[in-house]
Amino acid sequence: GELERKMEASNLPEHAKKAAKKELKRLKSLPVQFPEHAVSRNYLETLLELPWSHSTPDHLDLAQARQDLEADHYGLEKLKKRVLEYLAVRQLKNNLKGPILCFVGAPGVGKTSIGRSIAKTLGRKFHRISLGGSHDQSDIRGHRRTYIGSMPGRIIQGLKAVGANNPVFLLDEVDKLHKSFHGDPAGALLEVLDPEQNSTFTDHYLNLPFDLSQVLFIATANTTSTIPPPLLDRMEVIDIPGYTQEEKVQIALRHVIPKQLQQHGLTEKELSIPPNSVAQIVSNYTREAGVRNLEREIGAVCRFVAVKIAEGQHKKKGVGLPLTITSEVLTEVLGPRKFEHEASERLTRPGVAVGLAWTAMGGEIMFVEATKMPGTGELVLTGQLGDVMKESAQIAVNWLRSSASAYGIACEPLDKTDIHIHFPAGAVGKDGPSAGITIVTVLASLFSGRCVRSDTALTGEATLRGLVLPVCIPMYVYLAWCWFTSGMCVGWRNKGEGPCCSPCWDQAHHHATKKQE
């Protein structure tokens, strides 16, 4: 009856139609009282409701797409360029396979909202699948129908929910998958995210191949270090660095303040936050790669003003609207400034230098300290360091012993001198090779008795020959721009990477280190 009519109306591919007819024939032979009847009927309904051949038309107007992306997001030029490239190729080739992108960045930089904007720009349906903490491969592939309460995986469920075979799927927190005795969900994703295989993706529940090649998959992650290499290899990784202060101010003025005003029932005629006050909130009350804390602080300002207006305090004091937020008001609302720029104060003695460290939260600066004392030539390292950083410290000491005379550094006999190098924030684990040049500079400063410049940060891996190897620049430049006014010392081979994040590069003047021949 009803299922037969649905089957005739649906545009099933041949293999699915054959399976549906076979299941329908089996269903008719089963009495309604049998448990298998409900299982078989649920399977048939799922089969008929899937969008086997239904797709939504793409909006391929490049000018409009560019305008929409600019309106929704400030900055992120690399990402916008990739979306426009996809649209341009899609215009020339109708059956283009959907790209598989992975946005990697700190929390709060807008990875999820970018995915939503891309779907809106393309005119496609959007579906988000949160994978954080997932430890069962059945989340992806579904359960076999032999199990009680079996159901399709989240990929097939998502397609059924959106009703189209070419949506934008956002796989959120793909770096937080866990392996367990239920299987490895990262392994199940290998078929989903492989352009050569996903045209015949087989869910355990359906047990039929479904074409996922038109789906645009976007994965998000805070770091690539916890993503299995085979899975990472299938994705096109796009790094989203933290925002600079100017970018945060513009984001606040264009997006955050209007959103917070709406959420708190205020209008621009009642509250005005000038750009210089926004800049003070960014620099004095937040220290992050994204804008989440900035949203919270602006929300606190809105609540403060809402109380004043609700109680009519502005009328009693004879203050007209809009209420303007000044530095004095910020101190009253948010309290004393939470973050101080203390670099110049801490670098007033030899044996201290500033290094830059990347973290999943966006990055930090480190004041690396060293001291020496009579002893037996022991090297002491504190600050919860990993093996790579310990090796960097050993390389720095040995380079100094072999090259001190060439640079006019009068080293005391190191076999009778103990050296202690400390990385502050000892409760936080640290590792990676990019602290090498910082440790070398700290030791050179300590033994030469000369202070390191307080307006320059250092990052890069040092070798025994005195070379400084290149590092990934964008996040380090952002940090240098936040904290310093003059410069950043990196490897010579990083000299061409300035334009990669131009707003902050102009602020953090680039001083490359080149090996002295």
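Being a predicted model, the structure only gives us computed values, none of them experimental.

Draft legend 1. Structural detail: the overall build of the protein. Across its full length, the protein holds 20 helices and 18 strands. Within the protein, counting contacts between residues at least 6 apart in sequence, those at least 24 apart form 75% of the total. With the model as given, the accessible surface of the protein reaches about 25,400 Å², and the carbon-plus-sulfur share is 52%.

Draft legend 2. Region of interest: the packing of helix 1 (residues 2-9) against helix 3 (residues 35-49). It is the contact of helix 1 with helix 3, at a shortest axis distance of 10 Å, that shows an interaxial angle of 25°. The orientation of helix 1 relative to helix 3 falls into the category roughly parallel. Between helix 1 and helix 3 the crossing geometry is left-handed. Taken together, the residues of helix 3 that come into contact with helix 1 (itself represented by E2, L3, K6 and M7) are R41, L44, E45, L48 and E49. By residue class, the composition of the contact of helix 1 with helix 3 is four nonpolar, no polar and five charged.

Draft legend 3. Representation of the nonpolar core within the structure. One finds L79, F103, I118, L271, I273, I298 and I325 to be the most contacted residues of the largest nonpolar core, which totals 51 residues. Other than its neighbours up to four places away in sequence, F103 contacts L79, K111, I114, I118, I218, A219, T220, A221, I238 and I240. By size, the runner-up hydrophobic cluster in this structure holds 44 residues, among which are L193, F201, F217 and L231.

Draft legend 4. Region of the structure containing the sheet that holds strand 3 (residues 168-172). If you walk across this open sheet you meet the five strands as 2-3-6-1-7, and the pairing is parallel. In the strand order of this sheet, the two ends are held by strand 2 (126-130) and strand 7 (236-240), each with one partner. Across the sheet, the axes of successive neighbouring strands diverge by a mean angle of 20°, strand direction being ignored. Here five bridges tie strand 2 to strand 3, and the two strands are oriented parallel to one another. In the sheet register, F126 faces strand 3, and the bridge partner there is V168.

Draft legend 5. Structural context of empty space enclosed by the protein. Scanning the model with the defined rule gives one cavity of 30 Å³ or more in all. In this structure, the largest cavity encloses a volume near 50 Å³. Every residue lining the largest cavity is listed: R82, V83, Y86, P99, L101, I118, L122 and L216. Elements with a contribution of two residues or more to the lining of the largest cavity: helix 5 (77-92) and helix 6 (111-122). Taken together, the residues of the lining of the largest cavity break down into seven nonpolar, no polar and one charged.

Draft legend 6. How the structure looks around the confidence of the model for the protein. Per-chain confidence: the protein averages 83 in pLDDT, with 86% of residues scoring 70 or above. In this model, residues 498-517 is a region of pLDDT below 50 whose contacts with residues beyond four sequence positions or in other chains number 49 contacts.

Draft legend 7. Up close: helix 4 (residues 62-72). Residues of helix 4 that are buried: A65, D68 and L69. For helix 4, the buried positions fall inside an angular range of 95° around the axis, keeping them on one side. Exposed and oriented more than 90 degrees from the buried face of helix 4 are A63, R66 and Q67. You can read the cap of helix 4 off the contacts: a side-chain oxygen lies 3.2 Å from the backbone nitrogen of A63, and it is on D61.

Draft legend 8. Structural view of the environment of K81. Mapping K81 onto the fold places it in helix 5. Note on K81: relative accessible area 53%, which makes it exposed. Expressed as a C-alpha distance, the spacing of K81 and L69, which sit 12 residues apart in the sequence, is 10.0 Å.

Draft legend 9. Main features of the pattern of salt bridges. With the rule as written, the count across this model stands at 19 salt bridges. One salt-bridge network, in which partners are shared between bridges, spans E2, K6, R41 and E45.

Draft legend 10. Quick peek at the packing of aromatic side chains. One pass over the full model with this rule turns up three aromatic pairs. A ring pair is formed by W52 and F210, whose centres lie 4.9 Å apart and whose planes are at 45°; its orientation type is tilted. Pair noted here: W52 is in the loop between helix 3 and helix 4 and F210 is in strand 5 (residues 209-210), with a separation of 158 residues, a long-range link. On the accessibility criterion, W52 (12% relative accessible area) is buried. On the basis of relative accessible area, F210 is assigned to the buried category, the value being 1%. The cationic tip of R145 hangs over the ring face of Y43; the distance from NZ or CZ to the ring centre is 3.8 Å.

Draft legend 11. Up close: helix 11 (residues 245-263). A252 marks where helix 11 bends most, by close to 50°. The set of residues buried in helix 11 consists of E247, K248, V249, I251, A252, V256, I257, Q260 and L261. Of the residues flanking the end of helix 11, it is G265, one or two places downstream, whose phi is positive at about 70°.

Draft legend 12. Structural view of the packing of helix 2 (residues 14-28) against helix 3. Packing of helix 2 against helix 3 leaves a shortest axis separation of 10 Å and a crossing angle of 155°. Relative to helix 3, the element helix 2 lies roughly antiparallel. Considering only the axes of helix 2 and helix 3, their crossing is left-handed. The segment helix 2 lies against helix 3, with A16, A20, E23, L24, R26 and L27 engaging E36, H37, S40, R41, Y43, L44 and L47. When its residues are assigned to classes, the contact of helix 2 with helix 3 shows seven nonpolar, two polar and four charged.

What counts as what
- Residues numbered from 1 in each chain as written.
- Predicted model: local features only at pLDDT ≥ 70, side-chain atom pairs only at ≥ 80, totals over all residues.
- Heavy atoms only, no water.
- Helix = DSSP H or I, 4+ residues; strand = E, 2+ residues; numbered from the N terminus.
- Contact = heavy atoms within 4.5 Å.
- Areas by Shrake-Rupley, 256 points an atom, 1.4 Å probe, with all protein chains shown as cover.
- Axes fitted to C-alpha atoms, helices over the stretch in contact; angles between N-to-C directions.
- Parallel < 35°, antiparallel > 145°, perpendicular 65-115°, else oblique.
- Left-handed = near helix turned anticlockwise from the far one by under 90°.
- Nonpolar A, V, L, I, M, F, W, Y, C, P; charged D, E, K, R; others polar.
- Core = buried A, V, L, I, M, F, W, Y, C linked by side-chain atoms within 4.5 Å.
- Buried < 20%, exposed > 50% of the residue type's maximum accessible area, 1.4 Å probe, protein only.
- Pairing = 2+ DSSP bridges.
- 1 Å grid on protein atoms, 1.4 Å probe; cavity = no way out; pocket = protein on both sides within 12 Å on 5 of 7 lines; lining within 4 Å.
- Points joined across faces, edges and corners; volume = space filled by probe spheres on them.
- pLDDT = per-residue confidence, 0-100.
- Arc of directions from axis to C-beta.
- Polar contact = N/O pair within 3.5 Å; in protein donor to acceptor, adjacent residues only side chain to side chain.
- Salt bridge = Lys/Arg side-chain N within 4 Å of Asp/Glu carboxyl O.
- Phe/Tyr/Trp six-rings, centres within 6.5 Å; stacked < 30°, edge-to-face > 60°.
- Lys NZ or Arg CZ within 6 Å of the ring centre and 35° of its normal.
- Bend = angle between axes of the 7 residues up to and from the residue.

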